[in-house]
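Coordinate analysis (summary)
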Amino acid sequence: MPPSNLRERTYKIACEIPVFDLHTHLVAPCFGTLNLWGIDEILTYHYLIAEFLRVRPDVSGDDFYSWSKSKQADEIWVALFVERTPVSEAQAGVVTIIHQLGFDPEAVTLEELRAHFRGLTPEEQIDRVLQISGVSKVVMTNDPKDPVERAIWDGGYVADPRFLTVLRLDQILATGNDQGDRSVEAIRSYLGVWIERMKPVYVAISLPETWTFAEATLIREAVLPACREHDLPFAMMIGVRRGVNPSLRGAGDGSGLADLTQLELLLQEHLANKFLVTTLAKENAHTLAVMARKFSNLMPFGCWWFVNNPSIIAEITDFRLEMLGTSFIPQHSDARVLEHLIYKWDHSRRIISKRLAKRYEALDISGYAVTDDQIRDDLARLLHRNAEEFLGVS
Ligand code: HDL
Ligand code: ZN
């Protein structure tokens, strides 16, 4: 029988390894109000809004969004944390945050939590949350077409080495440059300007499951040449169905099964580019792992959004380890609210270390006993080194 302490050893070491968080919606302090933090933002996470509206069918999306942020948080607190056991992953995440901030999640009141956060500054909370969560680098999602964010880029951006930039293309490819020009030349030039200004570590886009290679003219003729010119990976997040229920606004997006042969055609045409890919459908994650065995310039990353749940993270991590060894990036937080880093990485460290320990147990049965140094090296690859090396950052 393999030593029962393999899981404990692996989890203990995982807790010591700093995380490079490859994709988040968090921002550096200079972005001001775009930095979402504190209990009201935690409670009004769009994951919880969707779950609230399920248990309160008397409330429409329009009703909910007509309420103040404070009333939204009040109502979610009562419905999902007082009147019900918080068993969903998003609910359990709030409990983890509250607990790791030093409160009794069964006894604390919403007012006590609000009073706690009122006593903090954003900078203090950023320092504290990064320390609690063990995250050393946070990769942002930056969009020069967002008017609020653009104002900061046009005056007031202050680089913070803990927060790395990413040029996000969804709006740029959909609406064109600042003059609305969507030609290949205009997009190629616009990307050059913003890559120079933002110094991103990669360029990213989300795509619907209906995305096709044949229609991807801007990606093939503007984006990928620009990425090659600047030696930047291209991150594709495939399978989102935007606005399946528009009344839910940010909570209204759904998931779809993509035809990944379209990605295969792109990889075959652009062997000199580096691709970071994550998918929204669980089945697509398996196909992507197989594809990564065929293309070494393809780096599968994370368990995105609707597959960022313990049961699915476990399954996806299992088959990635079985097919790719430690040559992939198992997770990103997708944090939207600063304190999300606490629960998303607490939960993911537990799951990833448990799945890796299962592989060690299989080795042990064959007479191969891993050392702590090997465990440390494997977890360093998975939690930060693979990302750093693929991006070319240290
Ligand atoms: O497109 C994306 O980057 C997604 O992560 C969306 O922002 C989504 O709303 C989200 O936050 N998922 O976790
Ligand atoms: Zn995201």
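Read on for an overview of the structure.

Quick notes on the rules
Residues numbered from 1 in each chain as written. Chains lettered and ligands numbered in written order. Predicted model: local features only at pLDDT ≥ 70, side-chain atom pairs only at ≥ 80, totals over all residues. Heavy atoms only, no water. Pairing = 2+ DSSP bridges. Helix = DSSP H or I, 4+ residues; strand = E, 2+ residues; numbered from the N terminus. Axes fitted to C-alpha atoms, helices over the stretch in contact; angles between N-to-C directions. Donors = N, O, S within 2.8 Å, 3.2 Å for Na, K, Ca; no water. Buried < 20%, exposed > 50% of the residue type's maximum accessible area, 1.4 Å probe, protein only. Near = heavy atom within 4 Å. Polar contact = N/O pair within 3.5 Å; in protein donor to acceptor, adjacent residues only side chain to side chain. Areas by Shrake-Rupley, 256 points an atom, 1.4 Å probe, with all protein chains shown as cover. Nonpolar A, V, L, I, M, F, W, Y, C, P; charged D, E, K, R; others polar.

**Digging into the sheet that holds strand β9 (residues 275-279)**
- Strand order in the open sheet formed by five strands is β4-β5-β6-β9-β10, with parallel pairing between adjacent strands. Only two strands of the sheet have a single neighbouring strand rather than two, namely β4 (166-168) and β10 (298-300). With direction set aside, neighbouring strand axes in the sheet form an average angle of 25°.
- As defined by bridge partners, strand β5 (residues 202-207) adjoins strand β6 (residues 234-238) across five bridges and the pair is classed as parallel.

**Let's talk about the coordination of the zinc ion (ligand 2)**
- For the zinc ion (ligand 2), the full set of protein donor atoms is H23 (NE2), H25 (NE2) and D334 (OD), and the range of their distances to it is 2.0 to 2.2 Å.
- Between consecutive donors of the zinc ion (ligand 2), the numbers of intervening residues give the motif H-x1-H-x308-D. A residue pair is termed long-range when its members are at least 10 positions apart, and H23 in the loop between β1 (19-21) and α2 (39-43) and D334 in the loop between α15 (310-324) and α16 (340-365) qualify at 311 residues.
- By relative accessible area, which is 7% here, D334 ends up buried.

**Concerning the site of ligand 1**
- Within the structure, ligand 1 sits among H23, H25, H46, Y47, R168, M237, R242, W304, W305, D334 and R336.
- W304 is positioned such that a nitrogen or oxygen atom in its side chain is 3.1 Å from an oxygen atom of ligand 1.
- In the environment of ligand 1, an oxygen atom lies 2.6 Å from a nitrogen or oxygen atom belonging to the side chain of R336.
- About the coverage of ligand 1: the protein hides 97% of its 330 Å² of free accessible area.
- When grouped by side-chain class, the residues that make up the shell around ligand 1 number four nonpolar, three polar and four charged.

**With respect to the sheet that holds strand β2 (residues 135-139)**
- As summarised here, the arrangement of the three strands in space is β1-β2-β3, forming an open sheet in which the pairing is parallel. In the strand order of this sheet, the two ends are held by β1 and β3 (163-164), each with one partner.
- Of the strand pairs in this sheet, β1 and β2 are connected by three bridges, and their pairing is parallel. Bridging from a neighbouring strand, F20 pairs with K137 of β2.

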